[in-house]
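Structural description and commentary
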Amino acid sequence: MEVDDGQSLSGADETDGTIDSASHDVIVQLYCEESRWLTRYFYPNSISAAEADELTQETFVRFIRSGAVKILTTPQAYLRRIAINLLRDRADLSATRVDNRKSPLSDADDIPAPFDPLRILTARQDIALCERLLEELDPFDRELFLLNRVEGYSFREIGRRMGLNEWAVKRKIFKVLDHLLDGMEGQ
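Notes on the structure in this doc start here.

Cut-off values and rules
- Residues numbered from 1 in each chain as written.
- Predicted model: local features only at pLDDT ≥ 70, side-chain atom pairs only at ≥ 80, totals over all residues.
- Heavy atoms only, no water.
- Phe/Tyr/Trp six-rings, centres within 6.5 Å; stacked < 30°, edge-to-face > 60°.
- Helix = DSSP H or I, 4+ residues; strand = E, 2+ residues; numbered from the N terminus.
- Buried < 20%, exposed > 50% of the residue type's maximum accessible area, 1.4 Å probe, protein only.
- Axes fitted to C-alpha atoms, helices over the stretch in contact; angles between N-to-C directions.
- Parallel < 35°, antiparallel > 145°, perpendicular 65-115°, else oblique.
- Left-handed = near helix turned anticlockwise from the far one by under 90°.
- Contact = heavy atoms within 4.5 Å.
- Nonpolar A, V, L, I, M, F, W, Y, C, P; charged D, E, K, R; others polar.
- Core = buried A, V, L, I, M, F, W, Y, C linked by side-chain atoms within 4.5 Å.
- Expected span 1.5 Å × (residues − 1).
- Arc of directions from axis to C-beta.

Across all of its chains, the model carries four aromatic pairs by this definition. Ring plane angle 55 degrees and centroid distance 5.9 Å describe the contact between F63 and Y78, whose orientation is recorded as tilted. Pair noted here: F63 is in helix 2 (residues 49-66) and Y78 is in helix 3 (residues 75-101), with a separation of 15 residues, a long-range link. With a relative accessible area of 1%, F63 lands in the buried category. Note on F155 and F174: the rings are 6.1 Å apart at their centroids and 70 degrees apart in plane angle, and the pair reads as edge-to-face.

This part is about the packing of helix 1 (residues 21-42) against helix 2. When two helices pack together, their arrangement is given by the angle between their axes and by how far apart the axes lie. One can describe the packing of helix 1 onto helix 2 by two numbers: an axis separation of 9 Å at closest approach and a directional angle of 140 degrees. What the angle tells us is that helix 1 and helix 2 run oblique. Crossing handedness for the pair helix 1 and helix 2: right-handed. Counted together, I27, L30, Y31, E34, S35, L38, T39 and F42 of helix 1 and A52, D53, L55, T56, Q57, T59, F60, F63 and I64 of helix 2 form the full contact between these two elements. Across the contact of helix 1 with helix 2, the residue classes break down as 10 nonpolar, five polar and two charged.

In this structure, L30, L38, F42, F60, F63 and L79 are the most contacted members of the largest nonpolar core, which totals 16 residues. Each residue touching F42, except ones within four places of it in the same chain, is listed here: A52, L55, T56, T59, A83, L86 and L87.

In a regular helix each residue adds 1.5 Å, so 20 residues correspond to 28 Å; helix 8 (residues 166-185) covers 28 Å between its end C-alpha atoms and thus fits that length. For helix 8, the complete set of buried residues consists of A168, V169, I173, V176, L180 and G183. The buried residues of helix 8 occupy an angular sector of 130 degrees when projected down its axis, which confines them to one face. Seen from the open side of helix 8, the exposed residues pointing more than 90 degrees away from its buried face are W167, K175, D182 and E185. Each element contacted by the buried residues of helix 8 is listed here: helix 5 (117-135), helix 6 (139-149) and helix 7 (155-162).

Structure follows, in C-alpha cells:
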C-alpha cells in the first residue's frame, strides 16, 4: 500500500479529503509495523495469501477513511477491530452467497426414495456403530458430546453447567469427534 503526501482518500480528512503530513507519517509507520501481523491474521482465515494481502489493505483503507488517525492513542487495537469486522463481513457475505445458490429444486435430486431397503440397512448399521463408539468413551466425555451435538448446548453453556472453561469443553468434544471419525473410517 502506497500513501504519498497529499494523496486523496475519501473520508481521510473531513475538510478536503487529503492526508496531512503528520497523519501520513503515522500511517506509514503503522503500516510498516502492523501489516505483517494483519496478513498473518487473515491468511489462515482466507482462501489465499493474495486475499490476505487484499484484506490487510482494506483494513488500512477503512482505518484511514475513519479519520481516527489523529485521535487514537492505540491505533493497533482499532486496526485489529477493523480486521475482525472484515472477517465477519466476509463470513456473512459467503453464507449469503451459499444460501442464494441453493434452491429447493436443486436439492430434490439428493433425496433418496423413502423406502430404500439398502439405505435403511446402512443407516441402522451406522447407528449401531455410533452407539458402540459412544459406549467406548469416558462417561463424562460422552455426556459433554451429547449435550453439544444432541441437546444443542453451546460450549460456553456446557462449561458453565459442568464447571469447565469453554476451551476445555471444545478440546474434549473435538477429541470425541476424532474418536468417532477414526472408528467410522475403520469400518
